[in-house]
Amino acid sequence: MEVRDIEIFLTLTEELHFGRTAARLRVSQARVSQAIKQQERRLGGELFDRSSRRDIRLTPLGQLLRDDLKPVYANLLASLERARLAAQGVTATLRIGMMPFNLPDLHPHWRVFRTRHPQWQLQVRQAPYVDPFGRLRAGEMDVLVAWLPVEEPDLTVGPILFRDPRVLAVSSDHELAERSSVSLEAVADFPHATAPQMLDYWEDAYLPFQTPQGRSIERVDTVTTPDALINLVGTGEIVHTFPAHVTKYWAMSHIRWLPLPDMPALPYALVWRSETENDLIRAFAEVVRSLGMSRL
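These numbers come from a predicted model, not from an experiment.

## Some words on the pattern of salt bridges
- By the definition in use, this model includes 18 salt bridges.
- Between Arg31 and Asp5 there is a salt bridge, with its nearest N and O atoms 3.2 Å apart. Placement of Arg31 in helix H3 (residues 29-43) and of Asp5 in helix H1 (residues 3-15) is noted, with a sequence separation of 26 residues between them.
- A salt bridge links Arg50 to Glu40, with the nearest nitrogen and oxygen atoms 3.0 Å apart. With a gap of ten residues between them, Arg50 in the loop between strand E1 (48-49) and strand E2 (57-58) and Glu40 in helix H3 connect regions that are remote in the sequence.
- Relative accessible area serves as the criterion here: at 11%, Glu40 is assigned to the buried category.

Right, here's the structure in full:
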């Protein structure tokens, strides 16, 4: 299996959709289909169940191959990157994955880290929307910036970067669009979406499953990317809660952002695997502590 075919397969296991995979990799949908069919012929079995009209599903064979290939592929990419950096005199790299969108707001942290530690490279990327803790555990990043609480026995929660007020996104022609704010009780009147493989307690911190009065907040759709989520809001199919910083980066004429005054601010903190804590992680955590929480 060629490296590009491994990338296509692993991306399809995340997106579970041929079109989205092709768009993400900037190849044709036919190229994705061809690569998967070629591997299925080689292995003698189907990697994906294509019986659904919408999204596809991994077969047991596909799950086995995904679980075996992910660490191998990650190690291969890491080896190539280490060799490239060694040629430039860089001794190590700290990889940070961001669940929030506000990378520019945190530039002071990136700048101070690079100034204090010029021998180390800092990479900051948007964290995957699906199963970010799984990606952290797989070694695809060193530190994850995630909302709290995070109550995983193998993960360390570091200092808080910022706390963000909450807003509700609705389409511009939604019945709530002209309100100046909205209560959490009113949120329960409308459908929402979720992401696959979300930990219940972690999802509940972002969007409760029930209002204070015990009304259920229903999830009617599952999305795998932020773009898919905001598109459902824009078409009026759902409403959805967000941290307020997204309003600076998703300024769309067909979306209205309504304050949610009775929802607590969402804290975002550094999270890393306890067993992989090292000098780079400790150094960045110290930068965050020394600068204090960011004002958004």
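## As for the layout of surface pockets
- One number sums up the size of the second largest pocket: a volume of about 410 Å³.
- Lining the second largest pocket are 21 residues, with Thr13, Glu14, Arg66, Val130 and Gln197 sitting closest to its centre.
- Breaking the lining of the second largest pocket down by element, the ones donating at least two residues are H1, E2, helix H4 (60-86) and helix H6 (132-137).

## Thoughts on the nonpolar core
- Formed by 73 residues in total, the largest nonpolar core has its most connected members in Leu94, Leu168, Phe242, Trp257 and Leu270.
- No other element matches the seven residues that helix H10 (residues 279-291) contributes to this core.
- Two domains each put at least three residues into this core: domain 2 (91-160 + 270-291) and domain 3 (166-264).
- Here Trp257 is in contact with Val167, Leu168, Ala169, Ile230, Phe242, Val246, Thr247 and Trp250, once residues within four sequence places are set aside.

Thresholds applied
Residues numbered from 1 in each chain as written. Predicted model: local features only at pLDDT ≥ 70, side-chain atom pairs only at ≥ 80, totals over all residues. Heavy atoms only, no water. Salt bridge = Lys/Arg side-chain N within 4 Å of Asp/Glu carboxyl O. Helix = DSSP H or I, 4+ residues; strand = E, 2+ residues; numbered from the N terminus. Buried < 20%, exposed > 50% of the residue type's maximum accessible area, 1.4 Å probe, protein only. 1 Å grid on protein atoms, 1.4 Å probe; cavity = no way out; pocket = protein on both sides within 12 Å on 5 of 7 lines; lining within 4 Å. Points joined across faces, edges and corners; volume = space filled by probe spheres on them. Core = buried A, V, L, I, M, F, W, Y, C linked by side-chain atoms within 4.5 Å. Domains from an automatic or database assignment. Contact = heavy atoms within 4.5 Å.

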